[in-house]
Amino acid sequence: MRKTNDVINRRRKEGQFAQVMHRLRKNKAAMLGLGIVLVLIVLAILSPWIMPYDYTKMDIKNKYASPSAAHWFGCDELGRDIFSRLLYGSRASLSLGLLATLLSTAIGVVLGSAVGYFGGKVDTVIMRLLDILQATPGMLLSIAISAALGSGFGNTIIALSIGGVPMTVRLLRGSILTVRKQEYIEAAEKINCSKLRIITAHILPNAIAPLIVSVTMGIGNTILQAASLSYIGLGVQPPTPEWGAMLSAGKAVITRYPHLCIFPGLCIMVIVLSFNMLGDGLRDAMDPKLKN
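Bear in mind that the values here come from a model prediction, so they are computed numbers and not experimental data.

What counts and how
Residues numbered from 1 in each chain as written. Predicted model: local features only at pLDDT ≥ 70, side-chain atom pairs only at ≥ 80, totals over all residues. Heavy atoms only, no water. Salt bridge = Lys/Arg side-chain N within 4 Å of Asp/Glu carboxyl O. Helix = DSSP H or I, 4+ residues; strand = E, 2+ residues; numbered from the N terminus. Buried < 20%, exposed > 50% of the residue type's maximum accessible area, 1.4 Å probe, protein only. Core = buried A, V, L, I, M, F, W, Y, C linked by side-chain atoms within 4.5 Å. Phe/Tyr/Trp six-rings, centres within 6.5 Å; stacked < 30°, edge-to-face > 60°. Expected span 1.5 Å × (residues − 1). Arc of directions from axis to C-beta. Contact = heavy atoms within 4.5 Å.

Focus on the pattern of salt bridges
Next, step 1: This model, assessed by the stated rule, comprises 8 salt bridges.
Next, step 2: Between Arg-128 and Asp-131 there is a salt bridge, and its shortest N-O distance comes to 2.8 Å. Taken as a pair, Arg-128 and Asp-131 lie in helix 4 (residues 120–134) at a separation of 3 residues, close to a single helical turn.
Next, step 3: For Asp-131, a relative accessible area of 30% puts it in the partly exposed group.

Thoughts on the nonpolar core
Next, step 1: Ranked by internal contacts, the top residues of the largest apolar core, which has 19 residues, are Leu-86, Leu-94, Ile-223, Trp-243, Ile-271 and Phe-275.
Next, step 2: Breaking this core down by element, the ones donating at least two residues are helix 2 (28–50), helix 3 (82–118), helix 9 (209–231), helix 10 (243–250) and helix 11 (259–286).
Next, step 3: Looking at this core, the element that brings in the most residues is helix 11, giving 6 residues.

Overview of the packing of aromatic side chains
Next, step 1: Applying the stated criterion to the full structure yields 6 aromatic pairs.
Next, step 2: For the pair Tyr-55 and Tyr-88, a centre-to-centre distance of 4.2 Å together with 15 degrees between the ring planes defines the contact as stacked. Here Tyr-55, found in the loop between helix 2 and helix 3, pairs with Tyr-88, found in helix 3; they are 33 residues apart in sequence, far enough to count as distant. This pair shows no difference in class: Tyr-55 is buried, exactly as Tyr-88 is.

With respect to helix 5 (residues 138–149)
Next, step 1: Over its 12 residues, helix 5 extends 16 Å from the first C-alpha to the last, a length consistent with the 16 Å expected when each residue adds 1.5 Å.
Next, step 2: Those residues of helix 5 lying buried are Leu-141, Ser-142, Ile-145 and Ser-146. The buried residues of helix 5 occupy one face: seen down the axis, they fall within an arc of 130 degrees. Those residues of helix 5 that are exposed and aimed more than 90 degrees away from the buried face are Ala-147 and Ala-148.
Next, step 3: On its buried face, helix 5 is in contact with helix 4, helix 6 (153–179) and helix 9.
Next, step 4: Phi for Gly-150, located one or two positions after helix 5, is positive at around 100 degrees.

Description of unusual backbone geometry
Next, step 1: Within the chain, Tyr-64 stands out as a residue other than glycine whose phi angle is a positive 60 degrees.
Next, step 2: Inspection of the secondary structure puts Tyr-64 in the loop between helix 2 and helix 3.
Next, step 3: Take Tyr-64: its relative accessible area is 19%, and that puts it in the buried class.

Now the structure itself:
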């Protein structure tokens, strides 16, 4: 009987997934955002082999060189090719956004599942602790944690992920509270399904949709926060190129050599906009009523 129900549920979920993907493909803005994100991810992976110059190679003769056929985006204060540094720097920016968002989501799913399903004292204690954490603005919290732990790739991921936990928990908690009242959850409890199975097999698959949209849009916001930390010297440190750090390096000479800031700024804008467009499309595809 249980195997039959599992097969039925699997087919129903496959049908729902096909419907979501069909609606998503009809959204041109979302598909454009997805295309840009995929292209940037591929470029980031292949950057060591396709960048025209070594991102660490200095050439003082080309110091502050303007964009040209030899150097498409010009050169920085040490004569390093900006296009190559942006290409390789996409690895750091995308990795920070993806890993920090996934870490905060993983923590939020565990806590959100606990407070949403068990309620009572578990809900009260965890939510009050998160209220204290959320009382501090997310960017300020990231700055404080990064300053305490020190700069670096791993510490930046920790600093960025902690601030996103409360929102994930609240979003999942609200969704689970709605699903928790459904009859099939009561039926699963009556036949003595384990609490872990009820949460993972019955509650989370039916409550996770809003979280998927939030995560997609959160990646762009996290990339922007990572760039902000690097801009003030608390993120990824030289010699590793990172878009926010490149912006910071060019701010002192922006009036004379604007290309030092224009191209890193455009990269940040494009990737954040792409994730937001994809997130909007996913939201409309998963709940078409919202679009109307």
